[in-house]
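# Descriptive analysis of the structure
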Amino acid sequence: MNKLLKWILGLVATLAILLVIISVALPLLLDPNDYKDEISAAVEQRTGRELAINGDISWRVFPSIGIQIGDVSLANRAGFGARPMLEVTEAAVTVKLKPLFSRRLEVGRVSLDGVSAYLRSNTDGRNNWEDLTDPGLDDAPGDTGQEAVADFEIEVSQGNLVLSNTARRVDLAGFDFGSQAGVEHHAFEFQGEATLAFLQQEISGQLDSLGLIQLVRGKGLIGLQDLEMSFTTADSTIPVSARADIVVDLANDQARLTDLILQFSDLRAKGALNVASFSSEPEYNGQLVVAEFNPRQLMEDLDLEAPQTSKLDALSRMQAETSFNGSPDQVDLTEIAIVLDDSTLKGQLTIEGFDPLQLVFDMDIDNLNLDDYSLLIEAEDAAGEDLEIEGAGLFMGSMLLFNGSGDLTIDHLVAGGLKVADLNVGVTSNAQEIRLFPISSRFYGGQHQGDVRVSFVAAQPVLTVNQVVTGFEVSGLLQDLAGTARVHGTGDLYMKARALLGSSQPVSYTHLTLPTTGHECISRWSPY
């Protein structure tokens, strides 16, 4: 027993002496500061960027062997200003001691403290990171080196990142790498935090992340498992959080994102994404499901004032889901299902171009009561008392123009107290006009046909309306419109209108044929 104890104590003493010798000998035999210029030159040759090492490079021998570097910065790309793209106050890398005796270099821990980064894209289409991912990429032809105008900027500050080698392993989404020859598996647990600012949007906050990185050499696989990220803005206490598993297959040029969960307040979304040929002409497909949430509560959490609608519980329940596939030039949304309160929208949407926006859609809504979403506007009467004025519907201050066409069907529609069934609307839109044609529906037992155009060719938009309703039941219409039905029978309605939007001049007439007597009534009106 005494011999064993002496042997153990001797071994410990030998290791301690070895560590002391290494800690003394390494700085004497090899000063890493002598290689600053060579390191900087190698980085510049590889990236075209200047790497400045302003601090000291020192050895670390306990509890593991490694190197510590202070005050490092990587210059920005030409045309993006003098500000460095990346700055690190202190970086440290350690290697495991035991593999060194087998002539293997195995990283034990990597830590970065005081990280600052500046990511930016310019209006000329260039950004300050693409040349790092593609070392052979030159500046755009004809580039003068002048600083261009930024259209998107992200600033990272006070960042800290730690990667620790771990024996933990997680199956990479079904990829089998086993113990095949030439396959090396490395895994690192990481944890990081930083202040993140989107300068153009004036949004800043705290970003926290953690997860497991796996590298499978010989198979070209990179995995991020149990990736968790959260972002809390400076003026909010509710974080936006995300969780996902990601596998990048470099050998087959594909990537998978599974078990995606996005969360903000009670808004929760789940999804998956597959990407093929991501390094050349990427194609992707996936699914996204948004669980039921309360839009009013979400607006409150975002410090937005919810609209005062005539129905108090309007905008209180919503959920959505869709499948999607596409490429950089086109996106197809299929199996769309959106539920808002008592209405359900189903259909499909194709975005065939983004500049300009080109849409093709086919949508169906089962029930829609626009009166539930009428705004209640507070005003003051002559006595100074508050009045509630019920608007005819949500006011649209501007019109979104797009190129494309589509079909919209509404099975049952209520607007202004009037009821419409089986409404079908064809929509076409371009830079010159928006047209709703053909329009057809069942209107109180009669048939409705219509055509509505808004032309933007002239300096002032022109609205043209043609509506025909034949054989409608007058009693039902009057009952819903005025609360009484003193006239019975059927009637016809013809309406033509042409107006300069924004003009107060009466520019239309309505031709109404009353039942029984056949009496005709013609009226002129103004939309303002």
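Just so it is clear, the model here is predicted, and its values are computed rather than measured. (Residues numbered from 1 in each chain as written. Predicted model: local features only at pLDDT ≥ 70, side-chain atom pairs only at ≥ 80, totals over all residues. Heavy atoms only, no water.)

Further remarks concern the overall build of the chain. Tallying secondary structure elements over the chain gives five helices and 27 strands in all. Buried residues in the chain amount to 31% of all 528 residues. Of all intrachain contacts in the chain linking residues separated by at least 6 positions in sequence, the fraction that spans at least 24 positions is 46%. Put simply, the chain shows about 31,700 Å² of open surface, and 57% of that area lies on carbon and sulfur atoms. (Helix = DSSP H or I, 4+ residues; strand = E, 2+ residues; numbered from the N terminus. Buried < 20%, exposed > 50% of the residue type's maximum accessible area, 1.4 Å probe, protein only. Contact = heavy atoms within 4.5 Å. Areas by Shrake-Rupley, 256 points an atom, 1.4 Å probe, with all protein chains shown as cover.)

The description of an aromatic ring pair rests on the distance of the ring centres and on the angle between the ring planes. Considering all chains together, one arrives at four aromatic pairs under this definition. Consider the rings of Phe-198 and Phe-231, whose centres lie 6.3 Å apart with planes at 85°: the pair is edge-to-face. Pair noted here: Phe-198 is in strand E7 (residues 184–198) and Phe-231 is in strand E9 (residues 221–233), with a separation of 33 residues, a long-range link. Where Phe-443 meets Tyr-444, the ring centres are 5.0 Å apart and the plane angle is 80°; that geometry is what we call edge-to-face. Classification of Tyr-444 by relative accessible area gives buried; the value is 14%. An aromatic cluster of three or more residues is present, and its members are Phe-443, Tyr-444 and Phe-472. When the ring centre of Tyr-118 is taken as reference, the NZ or CZ atom of Arg-83 above it lies at 4.3 Å. (Phe/Tyr/Trp six-rings, centres within 6.5 Å; stacked < 30°, edge-to-face > 60°. Lys NZ or Arg CZ within 6 Å of the ring centre and 35° of its normal.)

Okay, the pairing of strand E10 (residues 240–249) next. Bridge analysis of E9 against E10 gives nine bridges, and the strand direction is antiparallel. Residue pairing in the sheet places Met-229 in a bridge with Ala-242 of E10. Taking the residues that link successive antiparallel strands as the turn, the E9-E10 hairpin has six residues. Examined bridge by bridge, E10 and strand E11 (residues 254–264) share nine bridges and lie antiparallel to one another. The partner of Arg-243 across the bridge, within E11, is Ile-261. (Pairing = 2+ DSSP bridges.)

A few words now on the side chain of Thr-322. Mapped onto the secondary structure, Thr-322 falls in strand E14 (residues 318–327). Within the structure, the side chain of Thr-322 is placed 3.0 Å from the backbone oxygen of Thr-334, a separation counted as a polar contact. Excluding residues that lie within four positions of it along the chain, Thr-322 makes contacts with Gln-287, Leu-288, Leu-333, Thr-334, Glu-335 and Ile-336. (Polar contact = N/O pair within 3.5 Å; in protein donor to acceptor, adjacent residues only side chain to side chain.)

Bringing the environment of Met-363 into the picture now. Structurally, Met-363 is set in strand E17 (residues 357–369). For the pair Met-363 and Ile-410, spaced 47 residues apart in sequence, the C-alpha to C-alpha distance is 8.6 Å. Once you skip the residues sitting within four places of it in the chain, Met-363 turns out to touch Ile-336, Leu-345, Lys-346, Gly-347, Gln-348, Leu-349, Asp-407, Leu-408 and Thr-409.

One pass over the structure, following the stated rule, counts 10 salt bridges. The salt bridge involving Arg-317 is made with Asp-342; its shortest N-O contact spans 4.0 Å. In this pair, Arg-317 sits in the loop between helix H4 (295–301) and E14 while Asp-342 sits in the loop between strand E15 (330–340) and strand E16 (343–354), placing the two residues 25 residues apart along the sequence. Judged by its relative accessible area of 54%, Asp-342 falls in the exposed class. Asp-451 serves as the salt-bridge partner of Arg-435, at 2.7 Å between the closest nitrogen and oxygen. Of this pair, Arg-435 sits in strand E22 (residues 433–443) while Asp-451 sits in strand E23 (residues 446–455); the two residues are 16 residues apart in sequence, bridging distant segments of the chain. Both residues of the pair, Arg-435 and Asp-451, belong to the buried class. Put simply, Lys-311, Arg-317, Asp-342 and Asp-372 are held in one network by salt bridges that share partners. (Salt bridge = Lys/Arg side-chain N within 4 Å of Asp/Glu carboxyl O.)

The complete set of buried residues in helix H5 (residues 474–482) reads Val-474, Ser-475 and Leu-477. Down the axis of H5, the sector holding all buried residues measures 160°, keeping them to one side. On the buried face of H5, the contacting elements are strand E21 (418–429), E22, strand E24 (462–473) and strand E25 (490–500). Downstream of H5 by a residue or two, Gly-483 has a phi angle that is positive, lying close to 80°. (Arc of directions from axis to C-beta.)

The next subject is the nonpolar core. Core analysis: the biggest nonpolar cluster contains 28 residues, and Leu-349, Phe-361, Ile-410, Leu-413, Leu-423, Phe-443 and Phe-472 have the highest contact counts within it. The leading source of residues in this core is E17, at five residues. Excluding its chain neighbours within four sequence positions, the residues that come into contact with Leu-349 are Val-331, Asp-332, Leu-333, Ile-336, Leu-359, Val-360, Phe-361 and Met-363. (Core = buried A, V, L, I, M, F, W, Y, C linked by side-chain atoms within 4.5 Å.)

Looking now at the environment of Asp-362. Tracing the backbone shows Asp-362 in strand E17. For the pair Asp-362 and Leu-408, spaced 46 residues apart in sequence, the C-alpha to C-alpha distance is 6.1 Å. Ignoring sequence-local partners within four residues, the contact set of Asp-362 consists of Lys-346, Gly-347, Gln-348 and Asp-407.

Here the focus is helix H2 (residues 36–47). With 12 residues, H2 should cover 16 Å at 1.5 Å per step; its first-to-last C-alpha distance of 16 Å lies within 8% of that length. Directly after H2, the chain includes Gly-48, whose backbone phi takes a positive value near 80°. (Expected span 1.5 Å × (residues − 1).)

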